[in-house]
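One-letter residues, chain by chain:
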Amino acid sequence: TEFLEAEHVDNEAIWNKVAGELYSYEELLAHRDRIYQYYLPQTSISAKMQAYLQNVTADADSDVQKLKAIEQHLQELAYSDTPGALSEQIEDAEDYLDYFIFENPYGYCSHFSTAFVLMARAEGIPARYVHGYRIPVEQTGRTTITSDMAHAWPEAYIEGVGWIAFEPTPGYKRVTSWKTYAQKQEEMAAAGMLPGTTPTPEEPQDAPDVMEKEEGR
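What counts, and where the lines are drawn
Residues numbered from 1 in each chain as written. Predicted model: local features only at pLDDT ≥ 70, side-chain atom pairs only at ≥ 80, totals over all residues. Heavy atoms only, no water. Helix = DSSP H or I, 4+ residues; strand = E, 2+ residues; numbered from the N terminus. Buried < 20%, exposed > 50% of the residue type's maximum accessible area, 1.4 Å probe, protein only. Contact = heavy atoms within 4.5 Å. Areas by Shrake-Rupley, 256 points an atom, 1.4 Å probe, with all protein chains shown as cover. Axes fitted to C-alpha atoms, helices over the stretch in contact; angles between N-to-C directions. Parallel < 35°, antiparallel > 145°, perpendicular 65-115°, else oblique. Left-handed = near helix turned anticlockwise from the far one by under 90°. Nonpolar A, V, L, I, M, F, W, Y, C, P; charged D, E, K, R; others polar. Salt bridge = Lys/Arg side-chain N within 4 Å of Asp/Glu carboxyl O. Arc of directions from axis to C-beta.

A.B. asks: I would appreciate a short explanation of the overall build of the chain in the present structure.
C.D. replies: Along the chain, the regular secondary structure elements total 9 helices and 5 strands. The helix and strand sequence of the chain, counted from the amino end, reads α-α-α-α-α-β-α-β-α-β-β-β-α-α. Among the 217 residues that make up the chain, the fraction classed as buried is 31%. By sequence separation, contacts in the chain at least 24 residues apart represent 56% of the contacts at least 6 residues apart. Accessible surface for the chain amounts to roughly 14,800 Å². Of this, 49% is attributable to carbon and sulfur atoms.

Right under this line is the structure:
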């Protein structure tokens, strides 16, 4: 999270040194412009939703904190496989948010991901809706994919970082790590998951005082 919230200032010299052979610095800026063009369209919300969203993100000091606040808030709503058909009166994003949040605040992954994307865009943050499969990670290297693994989730664009997945659907946990590559490598080495490494032994813990437990009954 600290890495996501850190300020990432564009540096043409560093970009050219690290990735200049693949993409020029001008191509990077053009790519970013396209992201804002396609994934941050004008998103109108009602005055009631503006006040509601302002309250949800009141304690947020950065875009990442706003996204986490929206994610947590949606997670606190109710999940349902049978939310019913959407109201025929819904004609645009503004109508959908008002209906989902204020009238029918439950549904499944598609409903929550759509709400997250619209709320993020209303906060000026590029966001997109992703539909795919939520596949459990196994050590065997082979996993059987079934239709009940189908899932939808939102992703938000953070400048200097890229697209970050979020999980607003109640009952689901975010499976995409926000840790840096170095942090992941360190954890894998401590767990003995890298070649030539052994698990770090756990710190010994004092045994509970049986006499104290007996006396406390």
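Don't stop here, the text continues.
A.B. asks: Got a minute to help me understand the packing of helix H4 (residues 47–56) against helix H6 (residues 93–103) in this structure?
C.D. replies: Two numbers describe how H4 lies on H6: the axes approach to 10 Å, and their chain directions differ by 60 degrees. One finds that H4 runs oblique with respect to H6. Considering how the two elements wind past one another, H4 and H6 form a crossing that is left-handed. In this structure, H4 contributes Lys48, Met49 and Tyr52 to the contact, and H6 contributes Leu97, Asp98, Ile101 and Phe102. Within the contact of H4 with H6, the residues separate by chemical class into 5 nonpolar, no polar and 2 charged.

A.B. asks: For this particular structure, what's the right way to read the pattern of salt bridges?
C.D. replies: Two side chains that carry opposite charge are able to pair once their charged atoms sit near each other. Taken as a whole, this structure holds 3 salt bridges when the rule is applied. As a salt-bridge pair, Glu159 and Arg32 come within 3.6 Å of each other at their nearest N and O atoms. With Glu159 in the loop between strand S4 (150–158) and strand S5 (162–165) and Arg32 in helix H3 (residues 25–39), the pair connects residues that are 127 residues apart, well separated along the chain. Judged by its relative accessible area of 9%, Arg32 falls in the buried class. A salt bridge links Glu123 to Lys66; its shortest N-O distance comes to 3.2 Å. Taken as a pair, Glu123 in the loop between helix H7 (109–122) and strand S3 (127–133) and Lys66 in helix H5 (residues 63–75) lie far apart in primary sequence, 57 residues in all.

A.B. asks: Help me understand H4, please; the structure alone is not making it clear to me.
C.D. replies: An α-helical turn contains 3.6 residues, so any two residues separated by three or four positions project in the same direction. Of the residues making up H4, those classed as buried are Met49, Leu53 and Val56. Summarising the axial view, the buried residues of H4 lie within an arc of 55 degrees, below the 170-degree limit, and thus occupy one face. Residues of H4 that are exposed and point over 90 degrees away from its buried face: Ala47, Lys48, Gln54 and Asn55. Of the surrounding secondary structure, the elements contacted by the buried residues of H4 are H5, H6 and H7.

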